[in-house]
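Descriptive analysis of the structure
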Amino acid sequence: MSEAFISLKDVRKVYRTRTEEFEAIQSITMDVQAGELVSIVGPSGCGKSTLLKILAGLHPHDGGDVRIGSAAEPFDPSRDIGMVFQQPLLLKWRRIRENVLLPAEILGLPKKEARERADDLLQMVGLAGFEQSYPYELSGGMQQRAAIARALVHDPKLILMDEPFGALDALTRERMNIELLRIWQESQKTILFVTHGIQEAVFLGSHVAVMTSGPARLAEHMEIDLPEDRDLAIKTDEKFGEYTRHIYKLLDLD
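So, a few notes on the structure that sits alongside this text. Only a predicted model underlies this, so the values are computations on that prediction, with no experimental measurement involved. (Residues numbered from 1 in each chain as written. Predicted model: local features only at pLDDT ≥ 70, side-chain atom pairs only at ≥ 80, totals over all residues. Heavy atoms only, no water.)

1. Some points on the nonpolar core
The biggest cluster of nonpolar side chains holds 49 residues, and the ones touching the most others in it are I148, M161, I191, F193, V208 and I247. No other element matches helix α6 (residues 140–152), which puts 6 residues into this core. Those residues in contact with I148, other than ones at most four positions away along the chain, are V84, M161, F165, M176 and I183. Core analysis: the second largest hydrophobic core is formed by 29 residues, I6, A24, M30 and F75 among them. (Core = buried A, V, L, I, M, F, W, Y, C linked by side-chain atoms within 4.5 Å. Buried < 20%, exposed > 50% of the residue type's maximum accessible area, 1.4 Å probe, protein only. Helix = DSSP H or I, 4+ residues; strand = E, 2+ residues; numbered from the N terminus. Contact = heavy atoms within 4.5 Å.)

Below, the structure is given as structure tokens:
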């Protein structure tokens, strides 16, 4: 097997106040290969978002080792990460194309190429024709599609998604799951996707990392042996059910 794109070894995170310490992550060891979509699932407050922030370089870790990229392909967090949050966080005074272009502007990328890529991405996420719309003119699901395009516009190596569909209604969330799989297959990016939903984790992931309640440990990092080209009907498949039941057991929810 080739060298892992992301390598975590005994990663630990402690939050400190003036009077006490809180261990958010006790020990996480996990490898992620380039091009995988890894769902990270676990109970609220178990450190899933903290782990993403460590990978993004927003939080330091207090123990262990975090490596992204390699000597042959150095990794620059300011350039090589795209983030998608639970809320789209679009700037209401900017049109959709201008919102998508924001990372390219911050990084000083060539304007003509960035604009062409933004338009290509808007087409890929199903927003062709909405380039000149304002965020308030789009539904919640459409705004999240714009946020995904924005995360991809500077061609990052890694996409970090922190419960991006958590605020959507159930039907829109199902549609966005299908859209994300299509976008992942077309872009071939490495994606880490945080969710509370066990079925969502299995449906989306080429792999699923199951985290226990805090202080977080990795209960299991499993490969999901299901076809990459998935639709909602796969949720009735016995193998899909076996994965979800296994995760319920790991989380003591059965």
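2. Concerning unusual backbone geometry
In this model, D155 sits at a positive phi of 55°, which is unusual for a non-glycine residue. Summarising the element assignment, D155 is placed in the loop between α6 and β6 (158–162). Its relative accessible area of 40% is what places D155 among the partly exposed residues. A positive phi angle, near 50°, is found at E163, a position not held by glycine. With respect to the element layout, E163 can be found in the loop between β6 and α7 (170–187). Residue class for E163 comes out buried when judged on its relative accessible area of 18%.

3. Looking at the packing of aromatic side chains
Summed over all chains, the structure comprises 3 aromatic pairs. A centroid spacing of 5.9 Å and a plane angle of 75° characterise the contact between F5 and F75, whose relative ring orientation is edge-to-face. Of the two residues, F5 sits in the segment before β1 (6–16) while F75 sits in the loop between β4 (63–68) and α2 (77–80), which places them 70 residues apart along the sequence. The ring of Y15 is capped by K13, whose NZ or CZ atom sits 5.1 Å from the centre of that ring. (Phe/Tyr/Trp six-rings, centres within 6.5 Å; stacked < 30°, edge-to-face > 60°. Lys NZ or Arg CZ within 6 Å of the ring centre and 35° of its normal.)

4. A closer look at the sheet that holds β6
On the basis of which strands lie adjacent, the open sheet formed by 9 strands has the order β4-β1-β2-β9-β8-β3-β7-β6-β5 and mixed pairing. For this open sheet the edge positions go to β4 and β5 (81–84), each flanked by a neighbour on one side alone. The mean angle between the axes of side-by-side strands here comes to 20°, regardless of whether they run parallel or antiparallel. The sheet contact formed by β1 and β4 spans 5 bridges and is antiparallel. Across the sheet, K9 pairs through a bridge with D65, a residue of β4. Sheet strands in contact with helix α1 (residues 48–55) are β1, β2 (21–32), β3 (37–41), β4, β5, β6, β7 (190–195) and β8 (207–211), and its direction is about 115° off that of β1. Relative to strand β9 (residues 216–223), helix α9 (residues 238–250) is tilted by about 165°, and along the sheet it contacts β3, β8 and β9. (Pairing = 2+ DSSP bridges. Axes fitted to C-alpha atoms, helices over the stretch in contact; angles between N-to-C directions.)

Note that all results are geometric; they support no functional claim without further evidence.
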